[in-house]
Amino acid sequence: MLRVLLAVVLLCQSFPPLIAKARGVPPYSAKPHNKMQRSTITDVARLLATQHGAKPNIEPTRIIVRFKPGHPLNRFVPSHAFGAGIDGHERGELDQMLSPKNIREMLTAGLKPLSYRLRTELAGEAWHWNPRGAWSEPAKSQGYWASTDMTSTEEAATTTTKDGSKFQDGVSVSYGYRLPRRGNTTDQANDDGYSRLDDGDSNTYWKSNPYLDRYFTGEQNAKLPQWVLIDLGWEKRVNVIRLLWAKPFARVYDVEYGRFADVNDISQALPGVWQTFEHGRIHSGSGGDVAIRLSSRPVMTRFVRVLMKEGSGTADHDSTDVRDRLGYALREIYLGTMDHGNHFHDEIRHAPDNGDQTSIYVSSTDPWHRAADKDELIEQSGLDRIFQSGLTNDLPMLTPVPVLYDTPENAAAEIRYLKARGLPVERVELGEEPDGQFVTPEDYAALYIQFAKAIHAVAPEVKLGGPSFQDIEAGEESGSIQTRKADWLRRFLAYLRERGRLDDYAFFSFEWYPFDDVCQPAAPQLARANEMLTNSLEQMQQGGLSRRIPWIITEYGYSAFGGRVEMDLEGALLNADIVGNFLALGGDQTFLYGYEPNEVLQEVPCSSGNNMLFLIGADGSISYRMPTYYGAWLLTHEWAQADLGSSDGAHELYPATADNTAGQGALVTAYAVRRPDGLWSLMIVNKDPNNTREVKVKFHNEATGTESEFEGEVDLYQYSRKQYELSREQEPYPIRDQPPEHESLKGLPDLVVKLPAYSLTVVRGAIQLH
């Protein structure tokens, strides 16, 4: 029986009561990812269906912890391993979300290090991390931007935010700037921009990134070709292309096509094999308005690509900035057929709106922009504000620098600024999700080298890494469709190695949102989640991922799309499994996404939800702690000792397996740590939505061959449907929201622990070593 007194004490002291408030705040768009939906009902679903309403197992499941003292699977320090991520939001929301009161609540989760997520890099925007800086064309407030790395006396004044809180000085808020030479139709953030290649305006144009020209890379341009890819949506007849070039134009380029009937999501499966049109090889282009008869007969195709290999080296205007004449620039593209009467039929829809224009994807974009391009809708928290808020716990923050849409000078200035202000910088993540933004590994590597040189010239001691993969799902190769992230990593590492720059790559980072389809039943997804992560990391190792560098999950959660499961118990169970399994596989650091209090989103027709630890109220205060919060609290406060520093906080993780003779081990997972206080602590996840499961815990010492059990007083913490219930409304909210229960047990022989259906359990105590 649970001790009521202990539960009351825990409720009053560890979790101060929160008053539920009316919900509703200005809308916030979660961070979407254009990923294929791969979730399917597996054999586990049939297993769960046959068990619905079944009685608990007669024979308890044995959880066996196998250990050889001093030889763990992994050693980790919780104050380093368990972190959270903070992101950009709609303008004005940061003052609400990051009020002093909310921050105090956020810190109670026990997540210590912080990862700063860079929304501008997903929006295809340049980041003014400091609003003060310099343009390359200052008279016109345009060009290439570099924020200042100095602190002026004007900046030194105390700043008061809208919620009345104050921070001492520095940068409070920062913004992204839209790129007027954008080529991609869509982006991975608010997705409210459009391509200039088919906007119907011949005065605008797309331009590739000049930092990918041989002037900066030292490579022949043909080794890093730039491209424009047109997706007609379905196969259409094509034999003519009309290109309206700007400057610099392409002198050498190919026009290619491919037939790829199985492509569902091009962001996950760019066509890998192309065929040049009969008359598609251009060796001496002269720019201007050019129409090319590609073939004598129309070709049926969905995809057409213009592959550019050498540019003209000219600029549209008098300029002394070499970047203006590097790369390639196109004003408009037309594609279709010419009939017998020489009438051109254009298959491209031209409009300054990404919902109305034909989808176009490009290899890179010029970071040139103007003061007028400021994105007033989205803001990023200022770097000074984050450090002064207490959210970093005085630890080094995983610091981002923009790479895809920015300049090495701006990145170096950011690091100089942080160092000058005495702010700790240890690891710097270069860019975010290049794999999800059509960037080839060679292009990313070429930029990575330039940014690494610039940063290490300022701070040679800083560890650099990335690429913050959008995902590392194993993927597959089907015909000419390539989706494997391992191959992307292999090519990236090969580029660095061939140029003697592999030492600049000091850590591997990726994001992990395993389930796109939040409309599918959650139980079978949970049952196969560990296998997905394990298989994905195995494939990345086949692609060259080394165990000699740290592995970091810079964001994790149930899905990149808002769904009910993220607000329910499933979200907490999956998060616990992700962290435990990743550490068991050798991972170094994890950052839970959704640290800021937030609101319910509806991003899919079937469900509403959000990745968040807290639900925000109408007044901006936290109204509810979500299951993800309590899952994190159990992880940091009860399973581990998160308050210990690196010198005395090392935990040893040993393998724990569920010995289930019925073959149902996927539904129960366990993670065993030997803590610095000498106690053994098991985190056990029951992913069975219908059945209580009974377990016995045994410890097998592989050095002596002896077995032990818990003895003396054993602490039991549990979180299940008894503590939490979510309403069934379209916009759900908690109707029961209580902290985990705590019970003190005696470590008797053959102690049986009951795991409620859909529950997270921590069992902690001492064992007798034999």
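Residues numbered from 1 in each chain as written. Predicted model: local features only at pLDDT ≥ 70, side-chain atom pairs only at ≥ 80, totals over all residues. Heavy atoms only, no water.

What follows concerns the packing of helix α10 (residues 441-458) against helix α11 (residues 485-498). One way to put it is that α10 packs onto α11 with a least axis distance of 8 Å and a crossing angle of 40°. Taken together, the axis directions place α10 and α11 in an arrangement best described as oblique. Considering the relative orientation of α10 and α11, their crossing is right-handed. On the side of α10, the interface is formed by P441, E442, Y444, A445, A446, Y448 and I449, while α11 contributes W488, R491, F492, Y495 and L496. Of the residues in the contact of α10 with α11, the class split is ten nonpolar, no polar and two charged. (Axes fitted to C-alpha atoms, helices over the stretch in contact; angles between N-to-C directions. Helix = DSSP H or I, 4+ residues; strand = E, 2+ residues; numbered from the N terminus. Parallel < 35°, antiparallel > 145°, perpendicular 65-115°, else oblique. Left-handed = near helix turned anticlockwise from the far one by under 90°. Contact = heavy atoms within 4.5 Å. Nonpolar A, V, L, I, M, F, W, Y, C, P; charged D, E, K, R; others polar.)

Right, let's talk about the packing of aromatic side chains for a bit. Tallied over the entire structure, the rule returns 34 aromatic pairs. On the numbers, 5.0 Å between centres and 55° between planes, the contact of F67 with W680 is tilted. Linking F67 in strand β1 (residues 61-67) with W680 in strand β39 (residues 680-686), this pair joins segments that are 613 residues apart in sequence. According to the relative accessible area criterion, F67 is buried, its value standing at 2%. (Phe/Tyr/Trp six-rings, centres within 6.5 Å; stacked < 30°, edge-to-face > 60°. Buried < 20%, exposed > 50% of the residue type's maximum accessible area, 1.4 Å probe, protein only.)

Turning next to helix α14 (residues 627-639). Extensive coverage of α14 is indicated by the burial of twelve of its 13 residues. The set of residues buried in α14 consists of P627, T628, Y629, Y630, G631, A632, W633, L634, L635, T636, E638 and W639.

This part is about the state of the cysteines. Every disulfide links exactly two cysteines, by a covalent bond between their sulfur atoms. Per the counting criterion, the structure on display carries one disulfide. Across the disulfide, C519 is cross-linked to C606 (sulfur-sulfur distance 1.8 Å). Given an S-S torsion of about -90°, the disulfide between C519 and C606 has left-handed geometry. A residue pair is termed long-range when its members are at least 10 positions apart, and C519 in the loop between β29 (507-512) and α12 (522-542) and C606 in the loop between β32 (601-604) and β33 (607-609) qualify at 87 residues. Overall, C519 belongs to the partly exposed group, its relative accessible area being 41%. (Disulfide = S-S within 2.5 Å.)

The residue after K247, namely P248, is reached through a cis peptide bond having omega 0°. Locating P248 in the fold gives a position in the loop between β14 (240-245) and β15 (250-258). For the bond from G466 to P467, the omega torsion is 0°, close enough to zero to count as cis. Assignment of secondary structure puts P467 in strand β26 (residues 463-469). Unlike most non-glycine residues, D191 shows phi in positive territory, near 55°.

This brings us to the sheet that holds strand β5 (residues 114-116). Here we have eight strands laid out as an open sheet, ordered β5-β3-β31-β30-β29-β26-β25-β24, and parallel in their pairing. With one partner strand each, in any of the chains shown, β5 and β24 (399-401) form the two edges of the open sheet. Taken pair by pair, the neighbouring strands of this sheet meet at an average axis angle of 30°, ignoring direction. Along the sheet face, α12 touches β26, β29 and β30 (551-556) and points at about 145° away from the line of β29. (Pairing = 2+ DSSP bridges.)

What follows is about the pairing of β26. Of all seven residues making up β26, six are buried, and the element is well covered by its neighbours. Note: strand β25 (residues 427-430) against β26, three bridges, orientation parallel. When the sheet's bridge partners are listed, E429 is paired in β26 with G465. Traced from β25 through α10 to β26, the parallel crossover comes out right-handed. Here four bridges tie β26 to β29, and the two strands are oriented parallel to one another. Note that in β29 the partner of P467 across the bridge is S509. (Right-handed = clockwise from strand over helix to strand, strands pointing away.)

Right, let's talk about the nonpolar core for a bit. With 133 residues, the main nonpolar core has F82, L430, F492, F508, F510, L537 and W639 as its most contacted residues. Among the elements that take part in this core, α10 stands out by supplying eleven residues, more than any other. For W639, the contacting residues outside a window of four places in its chain are F76, F82, L634, L653, Y671, V673, R675, S681, L682, M683 and V762. Core analysis: the next-biggest nonpolar cluster, separate from the first, contains 29 residues, L197, V238, I241 and V362 among them. (Core = buried A, V, L, I, M, F, W, Y, C linked by side-chain atoms within 4.5 Å.)

So, to be careful, I would describe these as geometric facts and stop short of saying anything about function.
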